[in-house]
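An overview of the molecular structure
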Amino acid sequence: MPESIKLTKKIQMVDLVSQHETCKSELDAAIQKVLAHGAFINGPEVKTFGQNLAEYLEVKHLVPCANGTDALQIALMALDLKRGDEVITTSFNYVAGAEAVALFGMVPVFAEVNEKTFNLEVNSLEKHITSKTKAIIVVHLFGQACDMTEIMALAEKHQLYVIEDNAQSLGTDIKYKGNWHKAGTIGHIGTTSFFPTKNLGCLGDGGAVFSNDEALMNKCKSISSHGQGQRYEFQRIGINSRLDTIQAAILDVKLKSLKDSLEKRKKSAEKHTKLLKGVENIELPITESFSTHTYNQFVVKVLHNQRDNLKEYLADHQIPSMIYYPKPLHLQPAYGYLNGKLGDFPVSEQLCEQVLALPIHPELSGEQILYISDKIKEFFHAR
Ligand SMILES: Cc1ncc(COP(=O)(O)O)c(C=O)c1O
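Residues numbered from 1 in each chain as written. Predicted model: local features only at pLDDT ≥ 70, side-chain atom pairs only at ≥ 80, totals over all residues.

1. Digging into the sheet that holds strand 4 (residues 133–139)
What counts is decided by this rule: Here the rule is simple: two strands pair whenever DSSP picks up at least two bridges between them. In this text, helices come from DSSP runs of H or I with a minimum length of four residues, and strands from runs of E with a minimum of two, each type numbered from the N-terminal end. Whenever a helix is involved, its axis is fitted only over the stretch in contact; in every case the axis is a line through C-alpha atoms, and angles between N-to-C directions fall within 0 to 180 degrees. By definition, residues are in contact whenever their C-beta atoms, placed on the basis of the backbone, come within 7 Å of each other.
Spatial strand order, 1-9-8-5-4-2-3: seven strands in an open sheet with mixed pairing. A strand with exactly one partner marks an edge of an open sheet, and here the two such strands are strand 1 (61–65) and strand 3 (107–111). When the angles between neighbouring strand axes are averaged without regard to direction, this sheet yields 25 degrees. Across five bridges, strand 2 (residues 86–90) lies against strand 3 in parallel orientation. For Thr89, the partnering residue across the bridge sits in strand 3 and is Phe110. Against the sheet, helix 8 (residues 214–224) engages strand 1, strand 8 (189–193) and strand 9 (207–211), with an angle of about 15 degrees to strand 1.

Printed below as a string of structure tokens:
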């Protein structure tokens, strides 16, 4: 792009203000409706949204809750896991899964990820299964699903529960046993987050657990409401985790355009890919044949220790970028008690040095994408 061309709009990592402008009148009406009826907790919108999202995911039961971290906690509690049980998850990951496991006195056991997809490496998973392993938290990272055919086969062989953390991949399709399903609906329980930057985000915090197993989901419902069966009859120890009625009303409006916004993310990813193909030192994300990619994040690898310099150069040219994740969980101080050390997970460790998430939201314009690729190329040519 010649220097003379100026960007007409500032590039943002996520442009929620523009996103909400496109459905402002519907959002306003939905909020006004809640203000008018006043049922701010467990109002009718919570049930309606839960049913509509379950329909979209083609899953029989869904329980909305307060956030994606709670969703993981509820799932672990519903599976009746015990102190000392081992739960395998990945080290190159957001902290929520390992944290929930540790909070309940269980042991988070980390496994390695694939260097190209950033998702759980099945060979590594198998190596970490012991007689104490009871569950796997499978994280569908950045918008692409893990290989659930292989993972479920291993889980069945070793009688393990599978929780699918779908916080970053709502709407992703996955091929399982020859048919396409929505990611998150293959294992025993799926969880998700409606944090504002997720594929389906609310205007605050929100989350959900879902499954085709009715008994398990009845338990999740009870756990999310202090363990209640009948009102004021506490059948089990639970937590308080509710999706606010206003957030449910907002999510129900945004759910209508989810397909469209995922399509826009995909188009933006295709443009990024086309423009950045062949740029030396940049490795582009790939999509496996058994999954679609909904690009909650567009994460490239920057080779030869250039990542931090590139990030700085982009920032100098008003292009935001993010590092997901700068340090693997096995090297985080909070998990030091597990005795993880440098070299345990070389792929995860190297990814933390290489990954860079570029802007990818549905509101990103072609002009902005062109500008981003232009500045990336400029950075490498100038070296
Ligand atoms: C993979 C993953 N799991 C869980 C969570 C937790 O979701 P929440 O922030 O809604 O608690 C997140 C949030 O970023 C996430 O990315």
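2. A look at the sheet that holds strand 12 (residues 355–358)
Pairing is antiparallel in the open sheet, where three strands are placed in the order 10-11-12. Here the strands that pair on one side only, and so sit at the sheet edges, are strand 10 (282–283) and strand 12. Note that strand 11 (residues 298–302) and strand 12 share four bridges and pair antiparallel. For Val300, the partnering residue across the bridge sits in strand 12 and is Leu356.

3. Section: the environment of Leu103
By secondary structure assignment, the location of Leu103 is in helix 5 (residues 96–103). Between the C-alpha atom of Leu103 and that of Val122, which follows or precedes it by 19 residues, the distance is 26 Å.

4. Here's the deal with helix 10 (residues 258–276)
So the rule is basically this: One fewer than the residue count of a helix, multiplied by 1.5 Å, yields its expected span. Field definition: a residue is buried when 20 or more other C-beta atoms are found within 10 Å of its C-beta, exposed when 12 or fewer are, and partly exposed for counts in between, with C-beta atoms placed from the backbone. Here the arc refers to the set of directions running from the helix axis out to each C-beta atom.
When the terminal C-alpha atoms of helix 10 are compared, their 27 Å separation across 19 residues agrees well with the 27 Å that a helix rising 1.5 Å per residue should span. Taken residue by residue, helix 10 has Ser261, Leu262, Arg265, Ser268, Ala269 and His272 as its buried positions. The buried residues of helix 10 all sit within an arc of 120 degrees when viewed along its axis, so they share a single face. Residues of helix 10 that are exposed and point over 90 degrees away from its buried face: Lys259, Asp260, Glu270 and Lys274. Gly278 sits one or two residues past helix 10 and shows a positive phi near 85 degrees.

5. Some points on the site of the ligand
Just so we agree on the cut-off: Near, for a residue, is defined by distance from a backbone-placed C-beta atom to a molecule or strand, with 6 Å as the limit that must not be exceeded. As a working rule, the residues Ala, Val, Leu, Ile, Met, Phe, Trp, Tyr, Cys and Pro are called nonpolar, Asp, Glu, Lys and Arg charged, and the rest polar, with Gly in that last group.
Every one of the 13 residues lining the ligand counts as a neighbour, but Asn67, Gly68, Thr69, Ala167 and Ser193 are closest to it. For the shell around the ligand, the class distribution of residues is five nonpolar, six polar and two charged.

6. Here's the deal with the domain arrangement of the protein chain
Let me state the cut-off plainly: These domain limits were set by an automatic method or by a database of domain assignments.
Domain parsing of the protein chain yields domain 1 (21–255) and domain 2 (258–381). A separation of 24 Å is found between the C-alpha centroids of domain 1 and domain 2. Across the contact, 31 residues belong to domain 1 and 26 residues belong to domain 2. For the side of domain 1 that touches domain 2, the secondary structure elements donating two or more residues are strand 3, strand 6 (173–176) and helix 9 (245–255). Sort the elements by how many residues they give to the side of domain 1 that touches domain 2 and strand 6 lands first, with three residues. Residues of the side of domain 1 that touches domain 2, tallied by class, amount to twelve nonpolar, eleven polar and eight charged.

7. Things to note about the packing of helix 10 against helix 13 (residues 366–381)
The packing of two helices is summarised by the inter-axis angle and the distance between the axes. To be explicit about the condition: Comment on the angle field: the value is read as roughly parallel under 35 degrees, roughly antiparallel over 145, roughly perpendicular from 65 to 115, and oblique elsewhere. By convention the crossing between two helices is left-handed if the near helix lies anticlockwise of the far one by an angle smaller than a right angle, and right-handed if it lies clockwise.
Contact geometry for helix 10 and helix 13: axes closest at 10 Å, N-to-C directions at 30 degrees. Here helix 10 is positioned roughly parallel relative to helix 13, judged by the angle of their axes. The chirality of how helix 10 crosses helix 13 is right-handed. In contact with Ser268, Lys271, His272, Leu275 and Leu276 of helix 10, helix 13 contributes Gly366, Ile369, Leu370, Ser373 and Ile376. By residue class, the composition of the contact of helix 10 with helix 13 is five nonpolar, four polar and one charged.

8. Quick look at the nonpolar core
The nonpolar side chains of a soluble globular protein tend to be buried with one another. Note the cut-off: In this description, a nonpolar core means buried residues of the types Ala, Val, Leu, Ile, Met, Phe, Trp, Tyr and Cys, linked to one another by C-beta atoms lying within 7 Å.
Residues Ile74, Ala75, Ile136 and Val209 are the most contacted members of the largest nonpolar core, which totals 95 residues. Here this core gets seven residues from one element, more than from any other, and that element is helix 4 (residues 68–78). Split by domain, this core shows at least three residues from each of two domains, domain 1 (21–255) and domain 2 (258–381). Not counting residues within four places of it along the chain, the set of residues in contact with Ala75 comprises Ile163, Ile189, Thr191 and Val209.

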